[in-house]
Amino acid sequence: MGRVFAYCRVSTAEQTTDNQVHEIQAAGFNIEPRRVISECVSGSVAANQRKGFAKLRDRLEAGDVLIVTKLDRLGRNAMDVRATVEELAQADIRVHCLALGGADLTSAAGKMTMSVLSAVAEFERDLLLERTAAGLARARHAGKVLGRPRALSDRQEALARVRLAEGQSVAAIARELNTSRQTVMRLRVRSDEQAIG
């Protein structure tokens, strides 16, 4: 049997991968600390675009085993997880997921499990999109204004335009209106576009 590695990931700096490491050890894997790769990055970032995972991938060789506690450690997107597992399988690297009973995702049973999970994830995503679209349509029909609330009222925007025309600085206008410089800069860009168009 080849070497055993663990990939542990959290999404925010406030979180820690310690629980994942303990879970892997409790499952009976005694992995050398130098073979535990931990990183803090969103699961929405594709595995091959993560620095820690890329370094891990460079270290993995044919016959090695990669342990993850859950599939979502590899990624939130089912297609990305599947592509990552298939790429590792082609390099003769086995991937075991503890949440799936330690199943080898590169085996025939693991591939079937991945296919079912991918189908379920895609189905859930489609349902979510349908529910979101229906909710937005209901809100529009009820006359609700959607999107981010305006940072400035009509009166404040008019005042900001006057101040910009007078040549006042963006920072001074933002302070006067108790808003961000970005808000004033966006207003200036919109005003310039309206003047041109």
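Residues numbered from 1 in each chain as written. Predicted model: local features only at pLDDT ≥ 70, side-chain atom pairs only at ≥ 80, totals over all residues. Heavy atoms only, no water.

Some remarks on helix H4 (residues 108-141)
- Here H4 is 34 residues long and its end C-alpha atoms lie 49 Å apart, about the 50 Å a rise of 1.5 Å per residue gives.
- Within H4, burial applies to Gly-110, Met-114, Ser-118 and Ala-139.
- Along its buried surface, H4 packs onto helix H3 (78-90) and strand S5 (103-104).
- Positive backbone phi, approximately 85°, marks Gly-143, located one or two places after H4. (Helix = DSSP H or I, 4+ residues; strand = E, 2+ residues; numbered from the N terminus. Expected span 1.5 Å × (residues − 1). Buried < 20%, exposed > 50% of the residue type's maximum accessible area, 1.4 Å probe, protein only. Contact = heavy atoms within 4.5 Å.)

Observations concerning the environment of Glu-23
- By secondary structure assignment, the location of Glu-23 is in helix H1 (residues 18-26).
- Residue Glu-23 is classed as partly exposed on the basis of its relative accessible area of 36%.
- Placed 75 residues apart in sequence, Glu-23 and Leu-98 show a C-alpha to C-alpha distance of 8.4 Å.
- If we ignore the near neighbours within four places in the chain, the residues touching Glu-23 are Thr-69 and Leu-98.

Things to note about the side chain of Arg-35
- Its place among the elements puts Arg-35 in the loop between H1 and strand S2 (36-40).
- Under the relative-accessibility criterion, Arg-35 is labelled buried at 13%.
- Excluding anything up to four places from it in sequence, Arg-35 contacts Arg-3, Val-4, Phe-5, Ala-6 and Arg-59.

Points about a nonpolar patch on the surface
- A cluster of nonpolar side chains, Met-112, Val-116 and Val-120, forms an exposed patch at the surface whose accessible area comes to about 280 Å².
- With respect to the helices and strands, the residue Met-112 is situated in helix H4. (Patch = residues over 30% accessible without salt bridge, like charges linked within 9 Å, V, L, I, M, F, W, Y side chains within 5 Å. Areas by Shrake-Rupley, 256 points an atom, 1.4 Å probe, with all protein chains shown as cover. Salt bridge = Lys/Arg side-chain N within 4 Å of Asp/Glu carboxyl O.)

Topic: the UniProt feature "active site" (unreviewed entry) in the protein chain
- Mapped onto this numbering, the UniProt entry annotates "active site" (unreviewed entry) at Ser-11.
- Within the secondary structure, Ser-11 sits in the loop between strand S1 (4-10) and H1.
- Not counting residues up to four positions away in its chain, the partners in contact with Ser-11 are Cys-40, Val-41, Ser-42, Gly-43 and Arg-76. (UniProt positions renumbered as here; feature names shortened; annotations may be inferred.)

Thoughts on the packing of helix H5 (residues 154-166) against helix H6 (residues 170-177)
- At a closest axis distance of 10 Å, the pairing of H5 and H6 adopts a crossing angle of 150°. Here H5 is positioned roughly antiparallel relative to H6, judged by the angle of their axes. Between H5 and H6 the crossing geometry is right-handed. Here Gln-156, Leu-159, Ala-160, Arg-163 and Leu-164 of H5 lie close against H6, whose contacting residues are Val-170, Ile-173, Glu-176 and Leu-177. (Axes fitted to C-alpha atoms, helices over the stretch in contact; angles between N-to-C directions. Parallel < 35°, antiparallel > 145°, perpendicular 65-115°, else oblique. Left-handed = near helix turned anticlockwise from the far one by under 90°.)

Notes on the sheet that holds S1
- Read across the open sheet, the five strands follow the order S2-S1-S3-S4-S5; overall the sheet is mixed. Across the chains shown, the open sheet's two edge strands, defined by having one partner strand only, are S2 and S5.
- Note: strand S3 (residues 65-68) against strand S4 (residues 94-97), four bridges, orientation parallel. Bridge assignment links Ile-67 to a residue of S4, and that residue is His-96.
- Running over the sheet, H1 touches S1, S2 and S3 and is turned about 150° from S1. (Pairing = 2+ DSSP bridges.)

Let's talk about the UniProt feature "domain: Resolvase/invertase-type recombinase catalytic" (unreviewed entry) in the protein chain
- What UniProt calls "domain: Resolvase/invertase-type recombinase catalytic" (unreviewed entry) maps, in this numbering, to residues 3-143.
- For residues 3-143, the helix share is 46%, the strand share is 16%, and the end-to-end C-alpha distance is 61 Å.

Structural notes on the pairing of S3
- Burial along S3 is two-sided: Val-65 and Ile-67 and Leu-66 and Val-68, pointing in opposite directions, are all buried.
- Note that the unit made of S3, H3 and S4 has a crossover that is right-handed. (Right-handed = clockwise from strand over helix to strand, strands pointing away.)

Remarks on the pairing of S2
- Only one face of S2 is covered, namely the face carrying Ile-37 and Glu-39; the face carrying Val-36, Ser-38 and Cys-40 is uncovered.
- For the crossover that starts at S1, traverses H1 and ends in the parallel S2, the hand is right-handed.

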